[in-house]
Amino acid sequence: VNKKAHHCGTLLQIIKHKYYIKTGRVLKVGLLKELDVDGTTDNVRYFFKDEYARLCRLAGGGIKLTSPQIDGMPRASAAGNSMENQMVKVANYHLLVETIAQALNACSLRSRRILIAKFIQNKKDWEVANQIGYEKTRYYHYLKIACSEFADTLERYTSLLGDADLLEDLHAYKDEKSEQRVNKQ
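Calculation notes
- Residues numbered from 1 in each chain as written.
- Predicted model: local features only at pLDDT ≥ 70, side-chain atom pairs only at ≥ 80, totals over all residues.
- Heavy atoms only, no water.
- Helix = DSSP H or I, 4+ residues; strand = E, 2+ residues; numbered from the N terminus.
- Expected span 1.5 Å × (residues − 1).
- Buried < 20%, exposed > 50% of the residue type's maximum accessible area, 1.4 Å probe, protein only.
- Contact = heavy atoms within 4.5 Å.
- Phe/Tyr/Trp six-rings, centres within 6.5 Å; stacked < 30°, edge-to-face > 60°.
- Lys NZ or Arg CZ within 6 Å of the ring centre and 35° of its normal.
- pLDDT = per-residue confidence, 0-100.
- Axes fitted to C-alpha atoms, helices over the stretch in contact; angles between N-to-C directions.
- Parallel < 35°, antiparallel > 145°, perpendicular 65-115°, else oblique.
- Nonpolar A, V, L, I, M, F, W, Y, C, P; charged D, E, K, R; others polar.
- Core = buried A, V, L, I, M, F, W, Y, C linked by side-chain atoms within 4.5 Å.

**Student:** How should helix 4 (residues 109-120) be read in this particular structure?
**Tutor:** Note on helix geometry: an α-helix contains 3.6 residues per turn, so any two residues three or four positions apart are oriented the same way. An ideal rise of 1.5 Å per residue puts 16 Å on 12 residues; helix 4 measures up with 15 Å between its terminal C-alpha atoms. Of the positions making up helix 4, those classed as buried are S111, I114, L115, A117, K118 and F119. Contact partners of the buried residues in helix 4: helix 2 (37-59), helix 3 (82-105), helix 5 (125-132) and helix 6 (136-160). Immediately downstream of helix 4, the backbone of N122 shows phi near 55°, a positive value.

**Student:** Could you clarify how one ought to interpret unusual backbone geometry in this entry?
**Tutor:** Leave glycine aside and you will find that most residues have negative phi; peptide bonds, for their part, are mostly trans. Backbone geometry places N122, a non-glycine residue, at a positive phi of 55°. As for its placement among the helices and strands, N122 is situated in the loop between helix 4 and helix 5. N122 gets classed as exposed once you look at its relative accessible area, which sits at 61%.

**Student:** How do you make sense of the packing of aromatic side chains when you look at a structure like this?
**Tutor:** Both the distance between ring centres and the angle between the ring planes are used here to describe each pair of aromatic rings. For the coordinates displayed, the defined rule picks out 7 aromatic pairs. Ring geometry for F47 against F48: centres 5.3 Å apart, planes inclined by 80°, an arrangement best described as edge-to-face. Judged by relative accessible area, F47 falls into the buried class, the value being 2%. When its relative accessible area of 4% is taken as the criterion, F48 is described as buried. Here the aromatic residues F47, F48, Y52, F119 and F150 are joined through ring pairs into a cluster of three or more. Across from the ring centre of Y142, 3.7 Å away, lies the NZ or CZ of R110, which sits over that ring. Its guanidinium or amino end placed over the ring of Y157, R156 lies 5.0 Å from that ring's centre, counting from NZ or CZ.

**Student:** Can you help me understand the confidence of the model for the protein in this one?
**Tutor:** Close reading of the predicted structure is inappropriate where its pLDDT is low. For the protein, the mean per-residue pLDDT works out to 77, and 71% of the residues sit at or above 70. Ignoring residues within four places in sequence, the model shows residues 1-8, a span with pLDDT below 50, making 0 contacts including any to other chains. This model gives residues 61-70 a pLDDT under 50, and the stretch forms 6 contacts once residues within four places in sequence are excluded.

**Student:** Quick question: what am I supposed to make of the packing of helix 5 against helix 6 here?
**Tutor:** Each pair of packed helices can be summarised by the angle the axes make with each other and by the distance between the axes. Between helix 5 and helix 6, the least distance of the axes is 10 Å, while the angle of their chain directions is 95°. The orientation of helix 5 with respect to helix 6, classified from their angle, is roughly perpendicular. Judged by residue contacts, D125, V128, A129 and I132 of helix 5 engage Y139, Y140 and L143 from helix 6. Grouping the constituent residues of the contact of helix 5 with helix 6 by class yields 6 nonpolar, no polar and 1 charged.

**Student:** What is the right way to read the nonpolar core from this model?
**Tutor:** For soluble globular proteins, nonpolar side chains are generally found buried alongside one another. Counting 35 residues, the largest nonpolar core has F47, F48, I100 and F150 as the members making the most contacts within it. Within the residue set of this core, elements represented by two or more residues are helix 2, helix 3, helix 4, helix 5 and helix 6. Counting residues per element, this core draws most heavily on helix 6, at 10 residues. Among residues more than four places away in sequence, those in contact with F48 are A53, I100, L104, F119, I120 and F150.

**Student:** What's the story with the side chain of T99 in this structure? I'm lost.
**Tutor:** Considering the arrangement of structural elements, one finds T99 in helix 3. Exposure remark for T99: the relative accessible area of 2% places this residue in the buried category. Sequence-distant contacts of T99, defined by excluding residues within four places in its chain, comprise Y157, T158 and L161.

Shown next, in the form of C-alpha cells:
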C-alpha cells in the first residue's frame, strides 16, 4: 500500500471537512459532482427508516436453512427448486445486511456512533446529541457529515459485491434534477 497516497487521501478528507465546517459547503476539487448534503441526509434517513428495516426482516424471513428431506419416494418437481430459490434470496438479504454493517463500521468513530444510535437503536435526535455530548446545531452538523460518510462507504462496499444495482446510491447531487425522497423526522 502506498502510504503517501493514503496520507494524501486522508489529508484531502481533512481539508474538505475543515472547509465544510467553516463554510457549510462541500469543497469542490473538480473530480466529483457537488454533493447535496441535505438531500443525501434525507436519502440515508429514508434508507434506514424503510429499506434497512425491511432488509433485516427479509434476512430473518422465517425460512429455516435446513437440508431438504429425502425419503426415497418419487415426487413431481415444480419448475425450479422453490426452496433453493428462497434460500438464495435469504442469503442475498443477509449479504446486504452484512454489507451495510461493513459500511457503518468503515465510517469514522463519531459518525458510526451517531448513525448507530440514530438509525439502528432508533434513538431520538436529542438523545443522540446528549449521548455524544453535542448541542443541537453541532449534532445536526455532524449528523449530515455522518450520513454523507455512510453514503460514501456504502457505495464502496456495494461495489465490492460486483453488482451496482443491489443497493441504490444514497448520494444526492446539486446538479441533478432527479426527484429526491424527503422523509422529515
